[in-house]
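Descriptive analysis of the structure
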Amino acid sequence: MNKKVSFNPLPVSGIRRLTDDAVEVSFEVPAELADDYNYIPGQYVALRKDIDGQEVRRSYSICAVPERLPTGASVIKVGIKRNLGGVFSTWANTELQVGDTIDVMNPQGAFTSRTHVTFLNDPSAAGKGKKHLVAVAAGSGVTPIMAIAVAFLEAADDHTFELVYANKGAGDVMFAEEIGDLKDKYPSRFAVHHVLSRENRVNPLFTGRIDSERLESLLDNVLDSGADEWFLCGPFELVQLCRDTLSARGVPEDRVRFELFTTGKPGDAPAGQQGREVEIKEGEDIFKIKFTLDGLTGEVESPVSAHETVLNAALRKRSDVPFACAGGVCGTCRARVVEGEYEMDENYALEPDEVERGYVLTCQTRPTSSCLTVDFDS
């Protein structure tokens, strides 16, 4: 599902204000690159830009279904919500303009439905028979859900979709217009339940934070627990609560898809993943890290005392090693271990079968044997 990672400079073709703190940014993909930027709803792109003399990378989910223009070009749209202290998100919300150029990575990610509908996919992939999806999102976590919902509802006239969307207040609801359009277009097949933590609603069930008690009530009284698939996207605590609750209710793990934008843990920001220099003292024990990228091999020595990740070590050798979040969330730095032993701290991006086949998140992986070889091209 994941294509080979590559960045291309794309012009910003549109900026639309969604809330006081969020914008939708559109990029036009030239016809010669359109196939490379085809995607499955639910995937994301990483954006790369020099801001105040520093390269900044952030990953953002694609918020709309694929769109072809008459010229053969295509359009990719992402939602960017300003985070407190967020360098890229603040810049995008306050300074980014139509006509600016940003390096955009081709789409990646596995937060996708079994219903795969894009302009290159066979529509028959939607399958036959009535299907029901349920999504729980908070804040900007609704971004990939929008693309998934639109594609899913368009795929068959008996598919149904439910969305629980948590925000502080009504003014924080991203894509409010699009959500309203879906309700109007599919009144019997699309339902949205807004839960507001700082505004009172008529039904007290939809007022307050989604804690364990409220989630149990939603599952008992509102949502269809027999959904074919569940999609969870938001802060770590909410996603983990939903996963644990669904598991306790007997929902099979393979029916629950989840995506995090951050883990909420210190050190997840990619600022520390720029290939920082380390000093190797004479006679000090080292790990040898070998890697393949774009068909070329590289090798770098890493002092055992540095306890550095494969990503950090590889970045000291090649600046084009792929990464975005550096927090174990997005999966951009994914590689397959060819030889050697290792430990991986966190994994919020790889599927269990990928881990079984030896894939790791290099931003979270450290060698434990004298030599570790990974392949970014696998």
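Quick notes on the rules
Residues numbered from 1 in each chain as written. Predicted model: local features only at pLDDT ≥ 70, side-chain atom pairs only at ≥ 80, totals over all residues. Heavy atoms only, no water. Helix = DSSP H or I, 4+ residues; strand = E, 2+ residues; numbered from the N terminus. Rg over C-alpha atoms; globule rule 2.2 N^0.38 Å. Buried < 20%, exposed > 50% of the residue type's maximum accessible area, 1.4 Å probe, protein only. Areas by Shrake-Rupley, 256 points an atom, 1.4 Å probe, with all protein chains shown as cover. Pairing = 2+ DSSP bridges. Axes fitted to C-alpha atoms, helices over the stretch in contact; angles between N-to-C directions. Parallel < 35°, antiparallel > 145°, perpendicular 65-115°, else oblique. Left-handed = near helix turned anticlockwise from the far one by under 90°. Contact = heavy atoms within 4.5 Å. Nonpolar A, V, L, I, M, F, W, Y, C, P; charged D, E, K, R; others polar. Domains from an automatic or database assignment. Buried area = accessible area lost by both parts, 1.4 Å probe. Salt bridge = Lys/Arg side-chain N within 4 Å of Asp/Glu carboxyl O. Polar contact = N/O pair within 3.5 Å; in protein donor to acceptor, adjacent residues only side chain to side chain. pLDDT = per-residue confidence, 0-100.

A closer look at the overall build of the protein
Along its length, the protein carries 7 helices and 19 strands. Computed over its C-alpha atoms, the radius of gyration of the protein comes to 21 Å, within 12% of the 21 Å expected for a compact globule of 378 residues. In terms of principal-axis extent, the alpha carbons of the protein reach across some 70 × 50 × 40 Å. Counting every position in the protein, which comprises 378 residues, the buried fraction comes to 51%. Total accessible area on the protein is roughly 17,200 Å²; 46% of this is exposed by carbon and sulfur atoms.

Let's talk about the pairing of strand β2 (residues 22-29)
Here β2 lies mainly inside the structure; 7 of its 8 residues are buried. Alignment of strand β1 (residues 7-19) against β2, held across 6 bridges, turns out to be antiparallel. In the sheet register, Arg16 faces β2, and the bridge partner there is Glu24. Adjacent in sequence and paired antiparallel, β1 and β2 are bridged by 2 residues. When β2 meets strand β6 (residues 74-81), the two strands line up antiparallel, connected through 8 bridges. Bridge pairing in β6 links Ser26 to Lys77.

A few points about the sheet that holds strand β11 (residues 229-234)
Strands sit in the order β10-β9-β8-β11-β12 across an open sheet of 5 strands; the sheet is parallel. Of all the strands in the sheet, the pair left with one neighbour each is β10 (190-196) and β12 (256-260). The sheet shows a mean angle of 10° between the axes of neighbouring strands, taken without regard to direction.

Some points on the packing of helix α4 (residues 212-221) against helix α5 (residues 236-248)
At a closest axis distance of 11 Å, the pairing of α4 and α5 adopts a crossing angle of 50°. By the angle between their directions, the pair α4 and α5 is classed as oblique. Pair α4 / α5 crosses with right-handed handedness. Here Ser212, Leu215, Glu216 and Leu219 of α4 come into contact with α5, specifically with Leu241, Cys242, Thr245 and Leu246. Of the residues that constitute the contact of α4 with α5, the class distribution is 5 nonpolar, 2 polar and 1 charged.

So, the domain arrangement of the protein
Entries for the protein in the domain assignment read domain 1 (5-103), domain 2 (130-258) and domain 3 (284-373). Between the C-alpha centres of domain 1 and domain 2 there is a distance of 25 Å. Taken together, the 14 residues of domain 1 in the interface contact 16 residues of domain 2. Summing both partners gives a buried area of about 1,100 Å² for domain 1 against domain 2, and 69% of it is carried by carbon and sulfur. In this assembly, domain 1 and domain 2 are joined by 1 salt bridge. On inspection of domain 1 and its partner domain 2, the count reaches 1 residue pair in polar contact (both at pLDDT 80 or more).

Section: the pattern of salt bridges
Scanning the model with the defined rule gives 16 salt bridges in all. For Glu24, the salt bridge is made with Arg16, and the minimal N-O distance between the two is 3.2 Å. Take Glu24: its relative accessible area is 7%, and that puts it in the buried class. Its salt-bridge partner being Arg48, residue Asp103 comes within 3.2 Å of it at the nearest N-O pair. Of the two residues, Asp103 sits in strand β7 (residues 101-105) while Arg48 sits in strand β3 (residues 44-51), which places them 55 residues apart along the sequence.

So, unusual backbone geometry
Despite not being glycine, Phe175 has its phi angle at roughly 60°, a positive value. Structurally, Phe175 can be placed in the loop between β9 (160-167) and α3 (176-185). Judged by relative accessible area, Phe175 falls into the buried class, the value being 2%. The backbone phi angle of Asp294 is positive, close to 55°, even though this residue is not glycine.

Description of the confidence of the model for the protein
With 91% of its residues at a pLDDT of 70 or more, the protein has an overall mean of 90. The weakest mean pLDDT in the protein belongs to strand β5 (residues 67-68) at 90; the strongest belongs to β2 at 98. Low pLDDT, under 50, characterises residues 266-273; the stretch is placed with 19 contacts to residues that sit more than four places away or in other chains.

As for the environment of Arg357
If you trace the backbone, Arg357 turns up in the loop between α7 (352-356) and β17 (359-361). A C-alpha to C-alpha distance of 28 Å links Arg357 and Pro303, two positions 54 residues apart in sequence. Other than its neighbours up to four places away in sequence, Arg357 contacts Arg334 and Arg336.

Notes on the sheet that holds β2
Strands sit in the order β4-β3-β7-β1-β2-β6-β5 across an open sheet of 7 strands; the sheet is antiparallel. Sheet topology places β4 (54-61) and β5 at the edges, where each strand pairs with a single neighbour. Sheet topology places β3 next to β7; 2 bridges connect them, and they run antiparallel. Of the residues in β7, the one forming a bridge with Arg48 is Asp103.

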